[in-house]
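Next come the chains, spelled out residue by residue.
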Amino acid sequence: QVQLVDSGGGLVQAGGSLRLSCAASGRTFSSYAMGWFRQAPGKEREFLVAISWSGNRTFYIDSVKGRFTISRDNAKNTAYLQMNSLKPEDTAIYYCAAGHGLFEGDLPDYWGQGTQVTVSS
């Protein structure tokens, strides 16, 4: 019903910025909350941020609060993660996700394929 393709990762220096995009196909994109997760080598997947279907509710974990911003443009079927002041510890594969219960801790219903973010020091 919903397919997600995330992109925008790359190699940046510490302190730099990247904007990740998550392009959705299907006709029910606006029905889902969107979120971003990341997984670093040797570590478990980590939930980062979420945004409600309307965009009026967001959540950020403390380690990215003030640096990362999630947004969505339902008219373009796209969600974004703006990442500023990147740190080497942000290095990971980043995955976008969609689901109806992300704010409640439910597992996402759909996942992107992942995009690599590498922050050098």
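Parameters and conventions
- Residues numbered from 1 in each chain as written.
- Predicted model: local features only at pLDDT ≥ 70, side-chain atom pairs only at ≥ 80, totals over all residues.
- Heavy atoms only, no water.
- Core = buried A, V, L, I, M, F, W, Y, C linked by side-chain atoms within 4.5 Å.
- Buried < 20%, exposed > 50% of the residue type's maximum accessible area, 1.4 Å probe, protein only.
- Helix = DSSP H or I, 4+ residues; strand = E, 2+ residues; numbered from the N terminus.
- Pairing = 2+ DSSP bridges.
- Axes fitted to C-alpha atoms, helices over the stretch in contact; angles between N-to-C directions.
- Disulfide = S-S within 2.5 Å.
- Salt bridge = Lys/Arg side-chain N within 4 Å of Asp/Glu carboxyl O.
- Phe/Tyr/Trp six-rings, centres within 6.5 Å; stacked < 30°, edge-to-face > 60°.
- Lys NZ or Arg CZ within 6 Å of the ring centre and 35° of its normal.

Trainee: Can you tell me about the nonpolar core, naming the residues and giving the values?
Mentor: In summary, soluble globular proteins display a tendency toward joint burial of nonpolar side chains. If you look at the biggest cluster of nonpolar residues, it comprises 29 residues, and the most contacted ones within it are Leu4, Trp36, Val49, Leu81, Met83 and Tyr94. Looking at this core, the elements with two or more residues in it are β3 (18-25), β4 (33-39), β5 (46-51), β7 (68-73), β8 (78-83), β9 (92-99) and β11 (115-120).

Trainee: Kindly report on the sheet that holds β3, identifying the contributing residues and their values.
Mentor: Sheet architecture is open: four strands sit in the order β1-β3-β8-β7, paired in antiparallel fashion. In this open sheet, the two edge strands, each paired with only one partner strand, are β1 (3-7) and β7. Each adjacent strand pair in this sheet contributes to an overall mean axis angle of 15 degrees, direction not counted.

Trainee: Now, about the state of the cysteines: what can you tell me, with residues and values included?
Mentor: Using the criterion set out here, one finds one disulfide in the structure. Covalent S-S linkage joins Cys22 and Cys96, the inter-sulfur distance amounting to 2.2 Å. One quick way to see it: the torsion about the S-S bond of Cys22 and Cys96 is about 60 degrees, and its sign makes the bridge right-handed. Of this pair, Cys22 sits in strand β3 while Cys96 sits in strand β9, and the two are 74 residues apart along the sequence.

Trainee: Pulling in residues and values, what's your account of the pairing of β9?
Mentor: Taking burial as the measure, the eight residues of β9 include seven buried ones, the bulk of the element. Both β4 and β9 contribute to a ladder of seven bridges, which runs antiparallel. Directly across from Gly35, in β9, lies its bridge partner Ala97. Where β9 meets β11, three bridges bridge the pair, whose relative direction is antiparallel.

Trainee: Give me the lowdown on the pattern of salt bridges, citing residues and values where you can.
Mentor: Counted under the stated rule, the structure contains four salt bridges. Measuring nitrogen to oxygen at the nearest pair gives 2.9 Å for the salt bridge that ties Glu46 to Arg38. For Glu46, a relative accessible area of 31% translates into the label partly exposed. Looking at Arg38, the relative accessible area reads 8%, which means it is buried. Two residues, Arg38 and Asp90, come together in a salt bridge whose shortest N-O distance is 2.9 Å. Of this pair, Arg38 sits in strand β4 while Asp90 is found in the loop between β8 and β9, placing the two residues 52 residues apart along the sequence. Members of the salt-bridge network, linked through shared partners, are Arg38, Glu46, Arg67 and Asp90.

Trainee: Can you break down the packing of aromatic side chains residue by residue, with the values?
Mentor: Going through the model one piece at a time under the given rule, you end up with five aromatic pairs. Seen in terms of ring centroids, Phe47 and Phe59 are 5.6 Å apart; in terms of plane orientation they differ by 10 degrees. Their pairing is stacked. Of this pair, Phe47 sits in strand β5 while Phe59 sits in strand β6 (residues 58-60), and the two are twelve residues apart along the sequence. Looking at Arg45, its charged tip hangs above the ring of Phe37, at a distance of 5.7 Å from the centre. Over the ring of Phe103 we find Arg57, and its NZ or CZ is 4.3 Å from the ring centre.

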